[in-house]
Amino acid sequence: MLGKNRKSWTYFAGGIGLLFLCCFLPGMGYVGYQVLGASNQNPTATLPPPFIVIEITATPAETKPAPQCGGPEVMYILLVGSDTRRDSYVTGLADAIRVLRVDFVNPSVMILAFQRDLYVEIPEIADHHGITHGKLNQAYLYGTDTFKYYDEGGLALLSLTLNHNFGVNVNHSAAVNLQTFVDVVDALGGLDINLPEPVDGRVNGSNNPDLYFPAGEQHLNGYRTMILARLRPQGDLTRNHTQDIILKALAVKLLDPATLLQLPSLFDTFKSSVQTNLTQTEVAQLLCLAPLITSENIRTVSFPEELFKLKRVNDPILGNTSILDADFEILRAYVQEFNNGNWPESIPQP
């Protein structure tokens with residue numbers, strides 16, 4: 001308070017000083033003169049000032065803005081798109097893997113994509129057939145009820161694997177299967193997608209119109225959006241970019257004022273269809289934060305494609321299989337920037 005109101009404090013001190021002068025100076029000033037002047041025999045001795053105004057300047061303490069909606073400063077959420085076609089989570093690979101950094105101090109969201117074919121160390125399951133490594137999407141599968149290699153489940157094992165290999169901070173997680181994804185998009189009235197290039201999943205001789213998506217703007221229902229998210233005619237890295245476009249379109253739809261009013265009821269409708277460890281309080285915090293986030297404050301980021309190369313390995317479950325290889329130290333450096341809310345254009349190679 002003193003630092004911000006320095007001038008007000010000076011006026012206050014001066015006013016107290018003036019009050020002190022009017023009430024007490026007539027006696028004290030004379031006594032002071034007698035003591036100083038008479039003892040020195042110097043009639044020109046000057047009286048001491050009746051009061052001294054001391055200006056106090058305090059350096060204001062730097063205060064960090066408080067998180068909005070009673071949330072933490074930052075919440076990290078692992079989001080998985082399971083490839084199971086059933087309306088359950090008893091099995092399935094992690095078909096799409098994203099980590100969301102939700103900033104409650106400066107309302108914003110950063111979304112980092114992880115390639116599902118990265119070959120990683122999967123911790124704490126070596127007791128099961130000696131498995132120590134696998135594709136990143138297998139970490140989720142090994143924790144599902146089909147395998148039960150990890151007591152806390154697939155999302156927990158995938159979270160642990162991401163942290164172990166890349167230093168990813170994951171506080172919470174959620175998985176959505178294909179059927180739930182379709183139902184959510186349909187409940188929102190579909191999505192407006194703008195593709196920079198056409199996506200053609202048709203094989204030779206196929207004329208299935210559902211597998212072709214032209215470049216440009218188009219409105220897709222849940223089924224067509226699901227197909228687009230899964231197609232990879234040019235590989236996983238290109239599909240990641242397409243999935244990011246879909247996620248951004250979904251975010252724009254969710255942040256539409258008309259949709260925001262429906263979010264609580266939509267959550268009630270689908271809460272039993274989503275696998276998550278988010279508590280009711282944390283979901284309420286996210287719903288509260290949603291109106292404070294603009295589409296400009298939602299950013300999707302990906303590792304540079306040149307960091308990855310195709311390689312083949314002998315996997316204990318998959319046999320001889322194709323994987324993505326990369327320098328994990330470089331990926332960890334990018335993740336550290338992501339954890340801090342940044343995304344650099346490049347990381348110096350070691």
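Here goes a summary of the coordinates provided. Just so it is clear, the model here is predicted, and its values are computed rather than measured.

### Some remarks on the pattern of salt bridges
Then step 1. In this structure the tally under the stated criterion is 13 salt bridges.
Then step 2. As a salt-bridge pair, aspartate 325 and lysine 311 come within 4.0 Å of each other at their nearest N and O atoms. Here lysine 311 lies in strand E13 (residues 309-315) and aspartate 325 lies in strand E14 (residues 319-325), a separation of 14 residues in the sequence.
Then step 3. A single salt-bridge network, built from bridges that share partners, covers Asp95, Arg116, Asp117, Lys135, Arg230, Arg232, Asp236 and Arg239.

### Let's talk about unusual backbone geometry
Then step 1. Despite not being glycine, glutamate 124 shows a phi value in the positive range, around 70°.
Then step 2. With respect to the helices, strands and loops of the structure, glutamate 124 is situated in the loop between strand E4 (119-121) and strand E5 (133-135).
Then step 3. Positive phi, normally seen in glycine, also occurs at histidine 129, with a value near 60°.
Then step 4. The exposure class assigned to histidine 129 is exposed, which follows from its relative accessible area of 66%.

### Topic: helix H8 (residues 263-270)
Then step 1. For H8, every residue scored as buried is listed here: Leu263, Leu266 and Phe270. Angular distribution of buried residues about the axis of H8 spans 60°; they occupy a single face of the element.
Then step 2. In this fold, the buried residues of H8 make contact with helix H4 (178-187), helix H6 (236-254), helix H7 (257-260) and helix H9 (280-289).

### Description of the packing of helix H3 (residues 154-166) against helix H10 (residues 328-339)
The geometry of a pair of packed helices is captured by two quantities: the angle between their axes and the separation between those axes.
Then step 1. Across the interface, H3 lies against H10 with an axial gap of 9 Å and an inter-helix angle of 110°. When the axes of H3 and H10 are compared, the pair comes out roughly perpendicular. Contacts from Asn163, His164, Asn165 and Phe166 of H3 reach H10 at Phe328, Leu331, Arg332 and Val335.
Then step 2. Residues of the contact of H3 with H10, tallied by class, amount to four nonpolar, three polar and one charged.

### Focus on the packing of aromatic side chains
Then step 1. Scanning the entire structure with this criterion turns up 10 aromatic pairs.
Then step 2. Measuring from centroid to centroid gives 6.1 Å for phenylalanine 303 and tyrosine 334, while their planes differ by 85°, and the two rings are edge-to-face. Taken together, the residues phenylalanine 303 in the loop between strand E12 (298-301) and E13 and tyrosine 334 in helix H10 connect sequence positions 31 residues apart.
Then step 3. Look at phenylalanine 303 and you get buried, because its relative accessible area is 2%.
Then step 4. Classification of tyrosine 334 as buried rests on a relative accessible area of 2%.
Then step 5. Put simply, the rings of Phe114, Phe166, Phe303, Phe308, Phe328, Tyr334 and Trp343 touch in pairs and so form one group of aromatic residues.

### Focus: the sheet that holds strand E6 (residues 172-176)
Then step 1. The strand order across the open sheet built from six strands is E11-E6-E1-E2-E3-E12, with neighbouring strands paired in mixed fashion. Each edge of the open sheet is held by one strand with a lone partner, namely strand E11 (275-276) and E12.
Then step 2. As paired elements, E6 and E11 share two bridges and run antiparallel to each other. In the sheet register, alanine 175 faces E11, and the bridge partner there is glutamine 275.

### Let's talk about the nonpolar core
Then step 1. Judged by nonpolar contacts, the single largest core of 43 residues is most densely connected at Phe114, Leu158, Leu162, Phe166 and Phe303.
Then step 2. The set of elements that each furnish at least two residues to this core consists of strand E1 (74-82), strand E2 (94-103), strand E3 (108-114), helix H2 (136-143), H3 and H10.
Then step 3. It is H10 that contributes the most residues to this core, six residues altogether.
Then step 4. Judged by nonpolar contacts, the second largest core, of 37 residues, contains Phe104, Leu220, Ala249 and Val283.

Calculation rules
- Residues numbered from 1 in each chain as written.
- Predicted model: local features only at pLDDT ≥ 70, side-chain atom pairs only at ≥ 80, totals over all residues.
- Heavy atoms only, no water.
- Salt bridge = Lys/Arg side-chain N within 4 Å of Asp/Glu carboxyl O.
- Helix = DSSP H or I, 4+ residues; strand = E, 2+ residues; numbered from the N terminus.
- Buried < 20%, exposed > 50% of the residue type's maximum accessible area, 1.4 Å probe, protein only.
- Arc of directions from axis to C-beta.
- Contact = heavy atoms within 4.5 Å.
- Axes fitted to C-alpha atoms, helices over the stretch in contact; angles between N-to-C directions.
- Parallel < 35°, antiparallel > 145°, perpendicular 65-115°, else oblique.
- Nonpolar A, V, L, I, M, F, W, Y, C, P; charged D, E, K, R; others polar.
- Phe/Tyr/Trp six-rings, centres within 6.5 Å; stacked < 30°, edge-to-face > 60°.
- Pairing = 2+ DSSP bridges.
- Core = buried A, V, L, I, M, F, W, Y, C linked by side-chain atoms within 4.5 Å.

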